[in-house]
Amino acid sequence: MTHDLHSALLRAALDAAARGWHVFPLRPGTKRPALHGEQACTGARECANGHLKWEQRATTDPDRIQAAWSRAPFNVGIATGPSRLVVVDLDMPKDNSSSDAPSGAATFEALCERAGHAVPDTYRTRTASSGEHLYFTAPDHVRLANTAGTISELVDTRAWGGYVVAAGSLTPAGAYEALSGPLVAPLPAWLQSILEPAPRAPQAPSMAVAGQSRRYADVALTSEARNVTSAQPGAREAALFRAARALGRFVAWGDLPRHVVEQALQEAGEAAGLTVAECRSTLRSALNWSITHNQSRRDAA
């Protein structure tokens, strides 16, 4: 049985690598990388020119994979960034949460419906906790990072800086299993627009007075509200999300009161055709994220 498991995990690693996905070993029966950490690095072999982390050491080389998996029945990690993947992670509610709490799959389906799209048809796996991973090909010329709760509650993403456990891996909680055929769809444009970092505001001159900064914020507010109002069906919620992300920095910096931003974007979203509840939900999460991540001005010393 152990030999069969060992062979199956090696095959899972080789199959993933054959698809161009960069793999690395996870500790047997776990989701944790099996590679040494920076503190334990001796500077030998691959790390001769400096410590290499799992994302840098992940590989598609069959010989390296054979050598690594010959040592133990390692689970298989896929480094999503080098593999040009964006994986949407749909979690299940935690055991101590309300029994009627929606799953990540349910909230993602609701988001797709509000955006005017069906849930994308793409390669997907079931996780050991009965969640799902939806695999997408990453867009060219855009470097997306991991997100946690940016899309919706219990919906995270893995891209650069992240990894997922490949189908075929086994943990005490259960197995990771493929649920569909091998086709991986491109990341939908509407979803990409939510995941892309909010555009940076032009850096103000170092001697700019507070009044100039507030005037720029007012212009940005007018422009973003106009973008939301004119958004086309299927892109309205994404436009509202991006506008709130872009304007949240001005709230964090004290250039715009939060209630002013919320009122302007709420009105713009409703004018575009979104419901009151859809606008409020999107604005709350996007503004909270932006305010938290923009506590300091980029032009500060």
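Just so it is clear, the model here is predicted, and its values are computed rather than measured.

On average, residues of the protein score 84 in pLDDT, and 83% of them reach the 70 mark or higher. Across residues 204–209, where pLDDT falls below 50, the model places 1 contact with residues more than four positions away in sequence or in other chains.

Another aspect to go through is the packing of aromatic side chains. Across all of its chains, the model carries 6 aromatic pairs by this definition. The interplanar angle of 50° and the centroid separation of 5.9 Å between the aromatic rings of Trp21 and Tyr123 together place this pair among those described as tilted. With Trp21 in the loop between α1 (2–18) and β1 (22–26) and Tyr123 in the loop between α4 (104–114) and β4 (124–126), this pair connects stretches of sequence that are 102 residues apart. Residue Trp21 shares its accessibility class with Tyr123, and that shared class is buried. Each member of the aromatic cluster is reached from another via a ring pair, and the members are Trp21, Tyr123 and Tyr135. Sitting over the ring of Tyr123, Arg19 keeps its end group 5.0 Å from the ring centre. The ring of Trp289 carries the charged tip of Arg245 above its face, separated from the ring centre by 3.7 Å.

The element strand β3 (residues 85–90) is largely enclosed, with a buried count of 6 among its 6 residues. The alternating pattern of β3 places Leu85, Val87 and Asp89 and Val86, Val88 and Leu90 on opposite faces, both of which are buried. Pairing of β3 with strand β5 (residues 132–137) involves 6 bridges; the strand directions are antiparallel. Across the sheet, Val88 pairs through a bridge with Leu134, a residue of β5. Across 4 bridges, the pairing between β3 and strand β7 (residues 155–158) is antiparallel. Within the sheet, the bridge partner assigned to Val87 lies in β7 and is Arg158.

What counts and how
Residues numbered from 1 in each chain as written. Predicted model: local features only at pLDDT ≥ 70, side-chain atom pairs only at ≥ 80, totals over all residues. Heavy atoms only, no water. pLDDT = per-residue confidence, 0-100. Contact = heavy atoms within 4.5 Å. Phe/Tyr/Trp six-rings, centres within 6.5 Å; stacked < 30°, edge-to-face > 60°. Helix = DSSP H or I, 4+ residues; strand = E, 2+ residues; numbered from the N terminus. Buried < 20%, exposed > 50% of the residue type's maximum accessible area, 1.4 Å probe, protein only. Lys NZ or Arg CZ within 6 Å of the ring centre and 35° of its normal. Pairing = 2+ DSSP bridges.

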